[in-house]
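Secondary and tertiary structure notes
One letter stands for each residue in the lines below.
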Amino acid sequence: MNLSLSDLTPPLRWTSPGQIAPIVEEPQLPEAWWQAIPLDRACAIVGAHTVAGHLADLAVACWGHLMLGDILPLLRFSDPAEAERTPETLGKDVVQKLFTGVFERLLEPAPEALPAPARPDRPLPELIDELFGAMDDRQRAIARDRLYATQRATLDELAQRFSVTRERIRQIERDLRDHVEAWLGKPESSALAAHLVWLRGRLGSAVPADDLQAAVPWHRAELRTLGIPAWRFVRTLLTGYEQADGWLVAGGADELREKTRQLFADGPRPLGEAVSMVAQLGVREDVAERWILAVPHLRVLGQHVVPWPRSINEKAEAVLAVAGSPLSPEEIQERIGEDYSLVGIRNQLTADDRFRRVDRNKYGLTRWGGDEYLGIREMIAREIERAGGEASVSTIVANLTSRYDVSESSVRAYSGGPGFERTQRGWIRVAGTAPGGGEAEPYQPRKDVSETRRSFRSRDGRWWHRVDVNAEHLRGSGSPLPTGFAAYLGMAPGGQLTASAPSGDVVISWHNQPTMGSIRNVLAEYKANEGDHVFLTVSDGGELLTRYLPAAPVGMPPINRALYLFGYTAPVSSEMEGLRLIGARIGLPETATREEILNRLRERGDRDILGFLGG
């Protein structure tokens, strides 16, 4: 015998030697013995039982999901039933016993009176045609039109064609399968059996289905007796392979996909490394990238393989992790390449703690560290604090313009605006800061935000203000903002806040009363109309966050209409549940009664909501 263990065991040929060696090392055998010396020599040195034990250890550790017949194809001829089972289900001891039996039979001296084997130079299609040539017309028709057809004839169609019962057709089909299986175990078909062993090694654990047709030229040849290409017959002999979505997969396709996804659970991997990792699952390196692309929730991005889950947040995290440096929302949207709105991406980048705004229009991952971009006014205050309470405008300008995409004129304009004041030596400090370093009390409005009309708290604790879109908004006019909500944003009389948005900055100023500048560009992005609603707030980083709701549909139940004005669109099971949600949105505890909720709405001035609640 001149065959090594690797020649008889296809997975050994596509599993990394570094993964094999620690499991099957044997002091009495040379390095890489499984491919370096013939099997009979290895068995002569340490015994067939020991060789089988090493292979069983490897099967359990690395190929637990594969059928035993895919690991050691010869087992399909000696023990077909057990060949359909996996190492995971049988355990190491049973697997070792089965493998030992195969090796012992293989090493038995050949009987003197064995029939002459089929000529090795005989074309295999001729061998297959000889098998079917000995059958009658009905058997060949059932083989051609049912067993090996791409569009299988039904039992009823064949029964009607041959004037027999459906059960008779089923019996002939079963007999055909048994006859072919028995024929494969005979000496005259040994050349085809050897081809199947070679073929399983070539295919690996997953391969594009059309690779089977191209594996050898004769696969495309037509079988004269059946009028079908030879590969269709060969495909039925590859038991243990499942065809799914254009792939032939050994074992279960879903299981191999999940094992592939688990390889990348810890984050992106360079493509070359990913190909090697997937090859350890038995996928040939030349098709590994195609397999990765075929696995749901994985994606090749910038020469990296990344987990690609459903949520936009996780996709944005993967894009940034591969980029390795901050990106703009526009760049993230382009690299995701799916139908996500820019507004939605900005909102998620701002709301999710995994991301940090690091420049006027750049976001990175929080785990990278670094200063957060807070808006020009807030960053001026941060520079003043770092300088000990006051700093020169020139120093602040130099620091901010060197680190962020802001202009000198903008920094100087904000430095001279509301919120800052000059010191005796011409530097600036935060307005209201006492010379001793203490701060003046923040502005206290008559009503705080929880008592302010059209202001609602979301589950993350952030307060939002609802704008009911009218003609003035659509024309570009400014609009008043409630005092309680403006104070919540950190404003005070005489102050000004500039909130950045993709469609342009929105200025909120406080002279006689807080006023919000034009939001026409925001409304245009949403294609908003009169009667629609826009909920807005300002992030700690100075971004204008918005959420749009079209006018409520006609016929909506009153409790749902009330919740809709809070921005809540999910169904509720009862009015009690709806009132509980409303109480939470206006800052009341869960224990608040119906009357307490209605009283708070009256105090706030939310008459439209009260109308839907019968209050």
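Residues numbered from 1 in each chain as written. Predicted model: local features only at pLDDT ≥ 70, side-chain atom pairs only at ≥ 80, totals over all residues. Heavy atoms only, no water.

The helix and strand inventory of the protein chain stands at 34 helices and 20 strands. A globule of 615 residues ought to have a C-alpha radius of gyration of about 25 Å, yet the protein chain, at 37 Å, is considerably larger. Out of the 615 residues in the protein chain, the part that is buried amounts to 48%. A sequence separation of at least 24 residues applies to 56% of the contacts in the protein chain between residues at least 6 apart. When the accessible area of the protein chain is evaluated, it comes to approximately 29900 Å², of which 48% is carbon and sulfur surface. (Helix = DSSP H or I, 4+ residues; strand = E, 2+ residues; numbered from the N terminus. Rg over C-alpha atoms; globule rule 2.2 N^0.38 Å. Buried < 20%, exposed > 50% of the residue type's maximum accessible area, 1.4 Å probe, protein only. Contact = heavy atoms within 4.5 Å. Areas by Shrake-Rupley, 256 points an atom, 1.4 Å probe, with all protein chains shown as cover.)

Right, let's talk about the nonpolar core for a bit. Judged by nonpolar contacts, the single largest core of 77 residues is most densely connected at W63, F99, F103, F132, L192 and F233. No other element matches the eight residues that helix α6 (residues 48-62) contributes to this core. What F233 contacts, discounting residues up to four positions off in sequence, is I128, L131, F132, Y148, V180, L192 and L223. Core analysis: the second largest hydrophobic core is formed by 26 residues, A499, I519, V522 and V538 among them. (Core = buried A, V, L, I, M, F, W, Y, C linked by side-chain atoms within 4.5 Å.)

Take the packing of aromatic side chains next. Here the structure, examined in full by the defined rule, presents ten aromatic pairs. Residues Y373 and Y404 carry aromatic rings whose centres are separated by 5.5 Å and whose planes lie at 75° to one another, so their mutual orientation is edge-to-face. Here the residue Y373 occupies a position in the loop between β10 (362-365) and α25 (376-386), and Y404 occupies one in the loop between α26 (393-403) and α27 (408-415), the gap between them amounting to 31 residues. The pair formed by Y373 and Y404 is uniform in burial state, with each residue classed as buried. Between F485 and Y488 the ring centres are 5.9 Å apart and the planes differ by 35°, which places this aromatic pair in the tilted class. Here Y488 and F485 lie together in helix α29 (residues 483-488), a separation of three residues that amounts to about one turn. Overall, the relative accessible area of 1% leaves F485 in the buried class. By relative accessible area, Y488 is classed as partly exposed at 34%. (Phe/Tyr/Trp six-rings, centres within 6.5 Å; stacked < 30°, edge-to-face > 60°.)

Take the confidence of the model for the protein chain next. Confidence in the prediction for the protein chain averages 87 pLDDT; 96% of positions are at 70 or higher. Put simply, helix α8 (residues 75-78) is where the protein chain has its lowest mean pLDDT, 77, and strand β14 (residues 463-468) is where it has its highest, 95. (pLDDT = per-residue confidence, 0-100.)

Okay, the pairing of strand β8 (residues 304-307) next. As judged from the two bridges shared by strand β6 (residues 269-270) and β8, these two strands associate in the antiparallel manner. Across the sheet, P270 pairs through a bridge with H304, a residue of β8. (Pairing = 2+ DSSP bridges.)

The next subject is unusual backbone geometry. Despite not being glycine, R454 shows a phi value in the positive range, around 60°. Assignment of secondary structure puts R454 in the loop between β12 (428-430) and β13 (455-457). A positive phi angle is found at K527, which is not glycine, with a value near 55°. Along the polypeptide, K527 turns up in the loop between α30 (520-526) and β19 (533-538). K527 gets classed as exposed once you look at its relative accessible area, which sits at 67%.

The subject of this paragraph is the packing of α25 against α26. One way to put it is that α25 packs onto α26 with a least axis distance of 10 Å and a crossing angle of 125°. It follows that α25 is oblique to α26 by the angle criterion. For the crossing formed where α25 meets α26, the hand is right-handed. Side by side, α25 and α26 meet where M379, I380, E383, I384 and R386 of the first sit next to I396, N399, L400 and R403 of the second. Considered class by class, the residues forming the contact of α25 with α26 number five nonpolar, one polar and three charged. (Axes fitted to C-alpha atoms, helices over the stretch in contact; angles between N-to-C directions. Parallel < 35°, antiparallel > 145°, perpendicular 65-115°, else oblique. Left-handed = near helix turned anticlockwise from the far one by under 90°. Nonpolar A, V, L, I, M, F, W, Y, C, P; charged D, E, K, R; others polar.)

Quick look at the pairing of β19 now. Burial runs high along β19: six of the six residues are buried. Side chains H533, F535 and T537 of β19 all project onto a buried face; the interleaved residues V534, L536 and V538 project onto the opposite face, where all are buried too. In terms of strand pairing, β14 meets β19 through four bridges, oriented antiparallel. Each bridged residue has a counterpart across the sheet, and for D468 the counterpart in β19 is H533. Pairing between β19 and strand β20 (residues 544-549): six bridges, direction antiparallel. Along β20, the bridge assignment pairs T537 with L545. Remark: five residues form the turn of the hairpin made by β19 and β20, two consecutive strands paired antiparallel; G542 in that turn has positive phi of roughly 85°.

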